[in-house]
Amino acid sequence: MSFHLFGNVLTGYGTAANNRGENEGNITTLQKILWKGEVHTTVSAEAIRWALRYYWQTAGNDYQVNRRWNDDTNDNIWQNENFDDTIFIDDDVLGFMRAEGAKVEASDEPKQKGKKAPKGTTTAKRGVLEVTRAVSTTPFSGDLTFNAASGKKGRTSLYGTEVHATCYQYGFALTPERLKDKSRVIAVLDGLSSLGEVAGNHSRFLYDFSPESLILRWTHDFSPRILYCFEEKERQISIDELLRKVKNQDIEPQELWIAGAITESEEVEELEELGVHIFPGIKLAVQSMKQVITKDLQLPQMELIR
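Caption draft 1: A look at the packing of helix 1 (residues 45–58) against helix 3 (residues 184–192). At a minimum axis separation of 9 Å, helix 1 and helix 3 run at an interaxial angle of 110°. Considering their axes alone, helix 1 and helix 3 lie roughly perpendicular with respect to each other. Along the contact surface, helix 1 presents Ile48, Leu52, Tyr55 and Trp56, while helix 3 presents Ala187, Val188, Asp190, Gly191 and Leu192. When grouped by side-chain class, the residues that make up the contact of helix 1 with helix 3 number seven nonpolar, one polar and one charged.

The structure is reproduced here in structure tokens:
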């Protein structure tokens, strides 16, 4: 049976602002969704995937990245526009797609009997790594900050920014055996545990997207069962739903690694008694998980020291 890696990430508390360059009038807005009957802010999976690719590009571990980001032009530079999921880690893990129109334009005239209209072509591979949207743990109350550009003032000098003081949680799923190079699961763990900021953040809106709390699951089960398991109640983070699933034997306790600030909660003490792997530090938990993955997938030991 195939192994599957699932994860749920909770960021630290911070002030989140626009991460997509859009506005309404002179107000820079946050993305929002209706979540459990209330308005919450959200960060797209695409922004998280961009951050992971950028991590591989800049980490210095000799990762071969096809779509490289150019900070000077604010644009992507392709190393191979035809893609190669054997050479490039992002083509393999994140997938790709290129759609091309028909070589010859279809005529407005009625087509002849038996003659087919020209069709376009698509080159695509579905990403092996799946990522959910990040959702705030608290509802958005509508906070705004107002600012003014320095120097000579004009019609656009005054602007406002929606700001949300909150944490975000998001989940991910990966089946290593679907990768051309299954050892790349190690690079995924390294990247997601070390994200600094997601795509689109302006330099004046720094928000740390690295995990403050982390839950990992390494299993033969096809279903994650841990997504969005963090819940904020009276300013305290809870994982009651995860505890319920472990107690009810929907999740085997030895399949779980829990790390970070959440390990100080009462639920985690009970989960540890049930056999869940508990680590106070994120990096310690990731290293432990990498060792188990390396053994189960029979990867070279050198992957652990990259």
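Caption draft 2: Representation of the packing of aromatic side chains. Within the structure shown, the criterion is met by eleven aromatic pairs. Between the aromatic rings of Trp78 and Phe83, the centroid separation amounts to 5.8 Å while the plane-to-plane angle is 90°, which identifies the pairing as edge-to-face. What makes Trp78 partly exposed here is its relative accessible area of 36%. A relative accessible area of 11% places Phe83 in the buried class. For the pair Phe83 and Phe96, a centre-to-centre distance of 4.3 Å together with 10° between the ring planes defines the contact as stacked.

Caption draft 3: Highlighting the nonpolar core. With 50 residues, the main nonpolar core has Ile48, Trp56, Leu129, Tyr170, Phe209 and Ile293 as its most contacted residues. Listed by contribution, the elements that provide at least two residues to this core are strand 1 (4–11), helix 1, helix 2 (89–94), strand 16 (168–174), helix 3, strand 17 (211–219), strand 20 (256–260) and helix 6 (282–296). It is helix 1 that provides the largest number of residues to this core, a total of seven residues. Excluding anything up to four places from it in sequence, Leu129 contacts Arg49, Leu52, Val93, Leu94, Phe172, Ala173, Leu174 and Val188. Grouped together as the second largest cluster of nonpolar side chains are 20 residues, Cys167, Cys229, Ile251 and Ile258 included.

Calculation criteria
- Residues numbered from 1 in each chain as written.
- Predicted model: local features only at pLDDT ≥ 70, side-chain atom pairs only at ≥ 80, totals over all residues.
- Heavy atoms only, no water.
- Axes fitted to C-alpha atoms, helices over the stretch in contact; angles between N-to-C directions.
- Helix = DSSP H or I, 4+ residues; strand = E, 2+ residues; numbered from the N terminus.
- Parallel < 35°, antiparallel > 145°, perpendicular 65-115°, else oblique.
- Contact = heavy atoms within 4.5 Å.
- Nonpolar A, V, L, I, M, F, W, Y, C, P; charged D, E, K, R; others polar.
- Phe/Tyr/Trp six-rings, centres within 6.5 Å; stacked < 30°, edge-to-face > 60°.
- Buried < 20%, exposed > 50% of the residue type's maximum accessible area, 1.4 Å probe, protein only.
- Core = buried A, V, L, I, M, F, W, Y, C linked by side-chain atoms within 4.5 Å.

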